[in-house]
Amino acid sequence: MTTTETAADTFPRQYARTLRYTVGMPRSFAVAPDGSRVVFLRSRGGGDRANLLWTLDPADGSEKIAADPVALLGGGEEELSPAERARRERSREGAAGIVGYALDQAAELAVFPLSGRLFAADLVAGAARELPAAGPVLDPRPSPDGRWVAYPTTAGALRLTAADGSGDRSLVEAEQPGITWGQAEFIAQEEMHRDRGFWWSPAGDRLLATRVDDAPVQRWWIADPANPASAPTEVAYPAAGTPNADVTLWLVDLDGTRTEVVWDRTTYPYLARVHWSAGGPPLLLVQARSQREQLVLTVDPATGATETLVVERDEAWLELFHGVPAWTADGRLLRISDAPGHRALLAGDTVLTDDTLHLRTVLAVGAGEVLVRASEGERAETVPGLTGVYAVPLDGGAPRLLREGGAVEAVRGGPVTVVSWSALDRAGRRTEVLVDGAPAGHIVTSHAETPVLTARPVLRWAGERRIPAAVLLPTGYDRERDGLLPVLMDPYGGPHAQMVVQSQERFLSSQWFADQGFAVVVADGRGTPGRSPAWEKSVAGDLAGPPVEDQVAALHALAEEFPLDLGRVAIRGWSFGGYLAGLAVLRRPDVFHAAVAGAPVTDVTLYDTHYQERYLGMPQEHPQRYREHSLLDDAAKLERPLMIVHGLADDNVVVAHTLRLSSALLAAGRPHTVLPLSGVTHMTPQEQVAENLLLLQVAFLKDALGMPA
């Protein structure tokens, strides 16, 4: 125990209880188009996971409760359907209460589900009520005019209820089990970050809705070995090289009349993005299964016919981005593209940003400018981990920086912009209200707990490749007294997750491990986001070599400046980080002397289509590549201590990954440790499990490296 902890509340306990200090933090912001109100979610305290719906008045900063889940449910416990639990697993949602909401065009009506029931809040009057619905309800959304609320059900239907409570009826019924209307399929939620399956027309008179048939998808069964009387759960899981769900898109009128939207689904089976606004006809982004070619299409709302606006191709793969494609106010197509040689914002054929910015997300599209989140480009001179919110003029003027920091996000409505960001010099996220781009003097209240320790990362560009990295030493470390330290590499190290950011909360668990006597190194090698297209796509066809090489390169480069004992190096990670830890200890035992692999992908043929095929292609076409990326054939090489941790209820990286590796290790006579987590999915939101998992890892690593207990 360090001096910053108390017996009553250690870091592992607090870290687990507060869901990594996210509980009580304001989140999920939206702003009314006229800037009259800000809407957001927040719980009552840092130990209360149940979110309430709030509004804030930008004029004076006053905050009001718009909906309280405890009151709406009469104090009863929340009951979640299996479908809702699956949705939350896909979005890594560990909170309770109101975890999401949708607004009408004026941001006067908010709708949300609770325990499978449908609720609406009048954000002007401040009253919330239940609406009639044939639930369990999933992902309700009001029409732009606020008259109707459409919602999918767990039975697969898409239904419509009047916002005034006067009636509820079916729009489309599922023809048979396995078909769902208006819901995003597994691959869309897990890999494309498309979490919705229907979109209202700007006039509120019809919808675009997906029809998903998962009959082609192979079935897996996830059992609960701790409760052998329970039947296994059937899961439709599209593993690499196997069929995906059949996804079609339909125009649905409010009387239930349906018209299919037609495109070449054989060549472009992935429906990645849908956009329908007053700026123009509906837009679709559809991808080839290889993800090396995609189309931006317009839809004729009268016939369902589509027309190609843009064809995009890339030899590695085409990345998907939030907020695009979209229409600008003057009718140009807005998109993010790597075609100019850097990740740029384009309006029509005009490139709006140069290579000093690396575009990440489109946040809001206004009449004269676009709000974006971007990193500095490949030539960045400052310390790594900075992102910024920029206003990019549509007339080609220079982008204007509104806020810079770690993990910056923003939303905008009219003259009001709400910006959230993190920093290295303080814990927690800060959320500020801007009016006409200037601070209004309102900081949105956060109830998140203050961590019992302070992270002290030192950020560096490591080695010749300038690998973004952070080093954390024990609190109170003295080099003359303490000498060289055993090293713990603590990466994610793969696509879609940037760990080295200027955010103190990102490094809190790493600091805790450092305070147990390690020098902790966090490195974002090739394949990680936020730097350049070339950096991200250098892992095309080789998702194993570059990530391991860059962990080694960062370690050796940082050892020239920091007190790293290269004779005692461990590595830990979860998900891709668990895969990376397994790779490191099996293939580079000369560098890595122990590993903890959490929820690792060990047999890449068992992971999903959209992710695995993006980097490795189809297994039928590249069987040797898939074999070389799996860990099973390396089992006989194990000569270092290895702990493998896996949740038995994981439906993303199924526990078969760990069991197959363990069996291969046993067959090769290689001792190892397996820690099964009963009832745990790919997340570990259970407080006691998450707390003890940290303690068990540090005990294992200390023993493996010969450190005092």
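All figures in this text were calculated on a predicted structure; none of them were measured in a lab.

A word on the overall build of the protein chain
- Along the protein chain, the regular secondary structure elements total 13 helices and 43 strands.
- Here the C-alpha radius of gyration of the protein chain, 25 Å, is about what a compact globule of 709 residues would show, namely 27 Å.
- Counting only C-alpha atoms and orienting by the principal axes, one finds that the protein chain spans roughly 70 × 55 × 55 Å.
- For the protein chain, the accessible surface area stands at approximately 26,800 Å², while carbon and sulfur atoms represent 50% of it.
- Measuring between centres, the 65 positive side-chain charges of the protein chain sit 2 Å from its 90 negative side-chain charges.

Section: the sheet that holds strand E6 (residues 102-103)
- Read from one edge to the other, the open sheet built from four strands follows the order E6-E7-E8-E9, with strand pairing classed as antiparallel. What marks the edges here is a single partner per strand, and that holds for E6 and strand E9 (127-131).
- Bridge count between strand E8 (residues 117-122) and E9: five bridges; the pairing is antiparallel. Pairing of Asp122 across the sheet is with Ala127, part of E9.

Structural notes on the nonpolar core
- Ranked by size, the top nonpolar core spans 78 residues in total, and within it Met489, Leu558, Leu564, Phe592 and Leu642 carry the most contacts.
- Excluding residues that lie within four positions of it along the chain, Leu642 makes contacts with Val585, Ala595, Ala597, Leu665, His672, Thr673 and Phe700.
- Counting 33 residues, the second-largest nonpolar core is a separate cluster that includes Tyr21, Phe507, Val522 and Leu694.

Some remarks on the sheet that holds strand E12 (residues 158-162)
- Here we have four strands laid out as an open sheet, ordered E10-E11-E12-E13, and antiparallel in their pairing. Lying at the two open borders of the sheet, with one neighbouring strand each, are strand E10 (141-142) and strand E13 (168-172).
- As judged from the two bridges shared by E10 and strand E11 (residues 148-152), these two strands associate in the antiparallel manner. Bridge assignment links Pro142 to a residue of E11, and that residue is Val149.

Quick notes on unusual backbone geometry
- Backbone torsion omega between Val324 and Pro325 reads 5°, so that peptide bond is classified as cis.
- Along the chain, the position of Pro325 falls in the loop between strand E24 (306-313) and strand E25 (326-327).
- Backbone geometry places Gln291, a non-glycine residue, at a positive phi of 65°.
- Relative to the elements of secondary structure, Gln291 occurs in the loop between strand E22 (283-287) and strand E23 (293-299).
- Phi at Ala599 takes a positive value of approximately 45°, unusual for a residue other than glycine.

What to know about the packing of helix H8 (residues 545-558) against helix H9 (residues 576-587)
- Two elements in contact, H8 and H9, have axes whose closest approach is 10 Å; the angle formed by their N-to-C orientations is 75°. Of the possible angle classes, the one that applies to H8 and H9 is roughly perpendicular. Facing H8, whose interface residues are Pro547, Val548 and Gln551, H9 presents Phe576, Leu580, Leu583 and Ala584.
- Classifying every residue of the contact of H8 with H9 gives six nonpolar, one polar and no charged.

Here's the deal with helix H13 (residues 687-704)
- Compared with an ideal rise of 1.5 Å per residue, which puts 18 residues at 26 Å, H13 spans 26 Å between its outermost C-alpha atoms and is within 8% of the ideal.
- All of the buried residues in H13 are Ala690, Glu691, Leu693, Leu694, Gln697, Val698, Phe700, Leu701 and Lys702.
- Among the residues trailing H13, Gly706 stands out with phi positive, at a value near 70°.

Quick notes on the rules
Residues numbered from 1 in each chain as written. Predicted model: local features only at pLDDT ≥ 70, side-chain atom pairs only at ≥ 80, totals over all residues. Heavy atoms only, no water. Helix = DSSP H or I, 4+ residues; strand = E, 2+ residues; numbered from the N terminus. Rg over C-alpha atoms; globule rule 2.2 N^0.38 Å. Areas by Shrake-Rupley, 256 points an atom, 1.4 Å probe, with all protein chains shown as cover. Lys, Arg positive; Asp, Glu negative; His and termini not counted. Charge placed at Lys NZ, Arg CZ, Asp CG, Glu CD. Pairing = 2+ DSSP bridges. Core = buried A, V, L, I, M, F, W, Y, C linked by side-chain atoms within 4.5 Å. Buried < 20%, exposed > 50% of the residue type's maximum accessible area, 1.4 Å probe, protein only. Contact = heavy atoms within 4.5 Å. Axes fitted to C-alpha atoms, helices over the stretch in contact; angles between N-to-C directions. Parallel < 35°, antiparallel > 145°, perpendicular 65-115°, else oblique. Nonpolar A, V, L, I, M, F, W, Y, C, P; charged D, E, K, R; others polar. Expected span 1.5 Å × (residues − 1).

The quantities given are spatial measurements derived from coordinates; they are silent on function.
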